[in-house]
Amino acid sequence: MKFTRSAKAQWKGSGKEGKGTISTESTVLQNAQYSFNTRFEDGNGTNPEELIGAAHAGCFSMQLSFLLGESGYTPTSLDVNAKVDFKDGEIVKITLNLIGDVPDIKEDEFKTIAEKAKKICPVSKLLNTEIVLNTKLS
């Protein structure tokens with residue numbers, strides 16, 4: 001399988017006072033606002049780190065679902081929260097907090113399959129940072 005996806009960003013002004021917009025080809029994001037305030041403070045809008053977290057959580061949960069299926073399990077739900085830690089100009093860690101509802105699976109098997117998903121998820125492979133995985137069955 002081969003495909004290309006695209007997104008675009010536009011920035012106007014200085015780093016601290018400027019503002020930008022981010023849009024995706026699918027139009028799920030359409031001129032979503034980002035700025036110094038939304039990235040480094042608590043402004044209203046998005047930022048690259050939360051978008052990376054969303055991409056990682058989405059990729060990981062789908063990868064895990066495929067791996068569970070290959071092992072004979074169908075998850076009822078996989079809830080993933082990705083916490084992206086930024087320090088001194090770089091993303092230093094991403095913590096994936098997973099709560100899974102997977103009928104008939106044992107905790108150790110769930111954790112093993114989730115660790116494999118963490119390693120082979122395309123977004124995990126892309127990121128050059130520490131990735132921590134916490135798992136819990138509901």
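Located above this text is the structure these notes cover.
Along every chain, residues carry numbers that run from 1 in the direction the sequence is written. Only residues with pLDDT of at least 70 are given local features in this predicted model, and only at 80 or more are side-chain atom pairs given and counted; all residues enter the totals for whole chains, interfaces and linings. To get the side-chain values, take all heavy atoms of the structure and skip hydrogens and water.

Points about the pattern of salt bridges
By definition, a salt bridge exists where a carboxyl oxygen of Asp or Glu is found within 4 Å of a side-chain nitrogen of Lys or Arg. For the structure shown, the criterion picks out 2 salt bridges. The salt bridge partner of glutamate 49 is arginine 39, with a shortest N-O separation of 2.5 Å. Of this pair, glutamate 49 sits in helix α2 (residues 48-70) while arginine 39 is found in helix α1 (residues 36-40), placing the two residues 10 residues apart along the sequence. Under the relative-accessibility criterion, glutamate 49 is labelled buried at 9%. Ionic pairing is found between glutamate 115 and lysine 118, a salt bridge with its closest N-O pair at 3.3 Å. Placement of the pair is glutamate 115 and lysine 118 together in helix α3 (residues 107-120), with a separation of 3 residues, close to one helical turn. Given a relative accessible area of 15%, lysine 118 falls into the buried group. Numbering of helices and strands starts at the N terminus; helices are DSSP runs of H or I of at least 4 residues and strands are runs of E of at least 2. Each residue is assigned to one of three classes by its accessible area relative to the maximum for its type, calculated with a 1.4 Å probe on protein chains only: buried under 20%, partly exposed between the two thresholds, exposed over 50%.

Topic: the sheet that holds strand β3 (residues 32-35)
Taken in spatial order, the 3 strands make up an open sheet running β1-β2-β3, and their pairing is antiparallel. In the strand order of this sheet, the two ends are held by β1 (7-12) and β3, each with one partner. On average, adjacent strands in this sheet sit at an angle of 25° to one another, irrespective of strand direction. Being paired, for any two strands, means DSSP has found at least two bridges between them. Pairing between β1 and strand β2 (residues 19-24): 6 bridges, direction antiparallel. Bridge pairing in β2 places alanine 9 opposite isoleucine 22. Fitted lines through C-alpha atoms give the axes, limited to the stretch in contact for helices. The angle between two N-to-C directions lies from 0 to 180 degrees.

Side note on the packing of aromatic side chains
Aromatic rings from Phe, Tyr and Trp, taking only the six-membered ring of Trp, are treated as a pair when their centres fall within 6.5 Å; an angle between ring planes under 30 degrees marks them as stacked, one over 60 as edge-to-face, and anything in between as tilted. Taken as a whole and assessed by the stated rule, the structure comprises 3 aromatic pairs. Ring pairs connect the aromatic residues Phe36, Phe40 and Phe86, which therefore count as one cluster.

As for the packing of α2 against α3
Helix-helix packing is characterised by the crossing angle of the two axes and by the distance between the axes. Running from N to C, α2 and α3 cross one another at 130°; their axes reach a closest spacing of 9 Å. Classified by the angle their axes make, α2 and α3 are oblique. For the pair α2 and α3, the crossing hand works out as right-handed. On α3, the residues touching Phe60, Gln63, Leu64, Leu67 and Leu68 of α2 are Phe110, Ile113, Ala114, Lys116, Ala117, Lys118 and Ile120. Here the term charged refers only to Asp, Glu, Lys and Arg, the term nonpolar to Ala, Val, Leu, Ile, Met, Phe, Trp, Tyr, Cys and Pro, and the term polar to all other amino acids, Gly among them. Residue classes in the contact of α2 with α3 are distributed as 9 nonpolar, 1 polar and 2 charged. What sets the label is the angle itself: under 35 degrees gives roughly parallel, over 145 gives roughly antiparallel, 65 to 115 gives roughly perpendicular, and the rest give oblique. Crossings are assigned a handedness: left-handed for a near helix turned anticlockwise from the far helix by less than a right angle, right-handed for a clockwise turn. Throughout, a contact is declared for two residues whenever any of their heavy atoms are within 4.5 Å.

Topic: the side chain of threonine 46
Inspection of the secondary structure puts threonine 46 in the loop between α1 and α2. Not counting the four nearest positions on each side in its chain, threonine 46 is found in contact with Ile22, Ala32, Gln33, Tyr34, Thr38 and Leu51.

A look at the environment of methionine 62
Along the chain, methionine 62 falls in helix α2. For the pair methionine 62 and glutamate 107, spaced 45 residues apart in sequence, the C-alpha separation works out to 19 Å.

Regarding the sheet that holds strand β6 (residues 130-137)
Reading across the sheet, the 3 strands line up as β4-β5-β6 and stay open at both edges, with mixed pairing between neighbours. Taken across any chain shown, the strands that pair with only one partner, and hence form the sheet edges, are β4 (77-87) and β6. On average, adjacent strands in this sheet sit at an angle of 15° to one another, irrespective of strand direction. Of the strand pairs in this sheet, strand β5 (residues 90-101) and β6 are connected by 8 bridges, and their pairing is parallel. Looking at β6, one finds that leucine 96 is bridged to leucine 133.

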